[in-house]
Amino acid sequence: MARIAFLGLGNMGGPMAANLGKAGHEVVGYDVVAAARDRHTAAGHAVAAALGEAVADAQVVITMLPAGPQVEEVYGGADGVLAAADASTLLIDCSTIDVATARRVAEAAEARGLAMVDAPVSGGTSGAAAGTLTFMVGGPEAAFARAEPLLAAMGKTIVHAGDAGAGQAAKVCNNMILGISMIAVSEAFNLADALGLDRQKLFDISSTASGQCWSLTTYCPVPGPVPTSPANRDYAPGFTSTMMQKDLALAADAATSTGTATPLGARALELYEAFCAAGGDATDFSGIVRHLRRK
Ligand code: NAD
């Protein structure tokens, strides 16, 4: 069993840290926000008062932070992880961030002789709580081999995607598919409404025909056909539109920096930006169906 410092105890990090504890690891959490630390303590878990205190004796450091700037600060700052960690410590960043930052932080870790992987997740807060997340992992084979059993305590599918940054590359490509496909499915239901076609009939046909996809069959954006989808609880998240906007912006940046044509990804980003600006920011991303209907 490992001594683990878990930094970032938010919607995802809190339950992920709890699952590591349940698996028998010795986990010390840390978050800059006192309320997050208090929530974690109240749930019966150990919390440190400062980052250095959490990292000092840790064999493994796991981070689950909002975005690239926080990851860069937490690892690279004067009192950050790279300065505080022992040379044998394994570093695992599970945050969703841009590929360039992931590679920069991994290089800085390597320069200090520290093993590191980027391991962003798919599966949302329900997957984090249930321990069924999918991890997409980038980094050297040896670091992946050390990380895999720890990730298995928080998820059920763990894929080694390639070298440093490959986990983030996989995440950004996957979520660009998701953002585009949710809009496609939403447009189809809105068109069906306008044509007088029953929603359930469209679902029954398309879910077994060539229109089949996750946005339709697991996360259907209209109430009814998939009882567990956010559409049945007035689009309470789930996965907010703000997060989808962030991930589509990461995809757009990656497309620009590599000179890749992603016209539908770019349009999906514009539509999510408009939806967020119109007040949909805290709504589940499948709520874009209502925004498109209003337009
Ligand atoms: P969150 O905002 O709930 O949690 C992030 C936590 O990091 C917060 O508690 C914040 O206080 C803490 N934090 C910020 N700066 C810090 C610092 N310097 N030191 C320590 N703690 C710090 O976000 P979340 O929903 O838990 O998402 C975390 C990451 O997971 C994001 O990158 C997100 O894109 C990704 N993700 C989220 C979901 C989801 O459904 N929520 C799904 C997949 C991936």
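Whatever comes next refers back to the structure up there.
Residues numbered from 1 in each chain as written. Predicted model: local features only at pLDDT ≥ 70, side-chain atom pairs only at ≥ 80, totals over all residues. Heavy atoms only, no water.

What the rule picks out here adds up to four salt bridges. In this structure, the salt-bridge partner of Arg104 is Glu72, at a minimum N-O distance of 2.8 Å. Highlighted residues: Arg104 in helix H6 (residues 99-111) and Glu72 in helix H4 (residues 68-76), separated in sequence by 32 residues. Under the relative-accessibility criterion, Glu72 is labelled partly exposed at 32%. Residue Glu270 is joined to Arg267 by a salt bridge in which the shortest nitrogen-to-oxygen separation is 2.6 Å. In this pair, Glu270 and Arg267 are both assigned in helix H13 (residues 263-280), three residues apart and thus about one turn of the helix distant. (Salt bridge = Lys/Arg side-chain N within 4 Å of Asp/Glu carboxyl O. Helix = DSSP H or I, 4+ residues; strand = E, 2+ residues; numbered from the N terminus. Buried < 20%, exposed > 50% of the residue type's maximum accessible area, 1.4 Å probe, protein only.)

This paragraph deals with empty space enclosed by the protein. Over the atoms, a rolled probe matching the size of one water molecule traces out where space is still vacant. For the coordinates displayed, the defined rule picks out one cavity of 30 Å³ or more. The calculated volume of the largest cavity comes to roughly 50 Å³. Around the largest cavity sit Val71, Asp93, Ile97, Ala102, Val105, Ala106, Met116, Val117, Asp118, Gly138 and Ala164, which together line it. Only H6 and strand S6 (115-118) provide two or more residues apiece to the lining of the largest cavity. Of the residues contributing to the lining of the largest cavity, the split by class is eight nonpolar, one polar and two charged. (1 Å grid on protein atoms, 1.4 Å probe; cavity = no way out; pocket = protein on both sides within 12 Å on 5 of 7 lines; lining within 4 Å. Points joined across faces, edges and corners; volume = space filled by probe spheres on them. Nonpolar A, V, L, I, M, F, W, Y, C, P; charged D, E, K, R; others polar.)

Let us now look at the site of the ligand. Neighbouring the ligand are 24 residues, the closest being Asn11, Met12, Asp31, Pro66 and Lys246. Separating an oxygen atom of the ligand from a backbone N or O atom of Pro66 is a distance of 2.9 Å. Relative to its free-state accessible area of 830 Å², the ligand is covered by the protein chains to the extent of 88%. Secondary-structure elements contributing two or more residues to the shell around the ligand are H4, helix H7 (124-130) and helix H12 (241-258). Per element, the largest residue contribution to the shell around the ligand is three residues, and it comes from H4. Per-class residue counts for the shell around the ligand are eleven nonpolar, nine polar and four charged. (Near = heavy atom within 4 Å. Polar contact = N/O pair within 3.5 Å; in protein donor to acceptor, adjacent residues only side chain to side chain. Areas by Shrake-Rupley, 256 points an atom, 1.4 Å probe, with all protein chains shown as cover.)

Packed helix pairs are characterised by how far apart their axes lie and by the angle those axes make with each other. Close contact between H4 and H6 brings their axes to 10 Å; oriented N to C, the two are set at 5 degrees. Here H4 is positioned roughly parallel relative to H6, judged by the angle of their axes. Contacts from Gly68, Val71, Glu72 and Tyr75 of H4 reach H6 at Thr101, Arg104 and Val105. The residue makeup of the contact of H4 with H6, split by class, is three nonpolar, two polar and two charged. (Axes fitted to C-alpha atoms, helices over the stretch in contact; angles between N-to-C directions. Parallel < 35°, antiparallel > 145°, perpendicular 65-115°, else oblique. Contact = heavy atoms within 4.5 Å.)

Before going further, it helps to examine the side chain of Asp93. The residue Asp93 is located in strand S5 (residues 90-93) in this model. For the buried Asp93, which has no salt bridge, the nearest side chain bearing the opposite charge is Lys246, at an N-O separation of 9.2 Å. Side-chain polar atoms of Asp93 contact the side chain of Ser95, separated by 2.6 Å. In this view, Asp93 contacts Thr63, Val71, Tyr75, Met116, Val117, Asp118, Ala119, Pro120 and Gln168; residues no more than four positions away in its chain are not counted. (Lys, Arg positive; Asp, Glu negative; His and termini not counted.)

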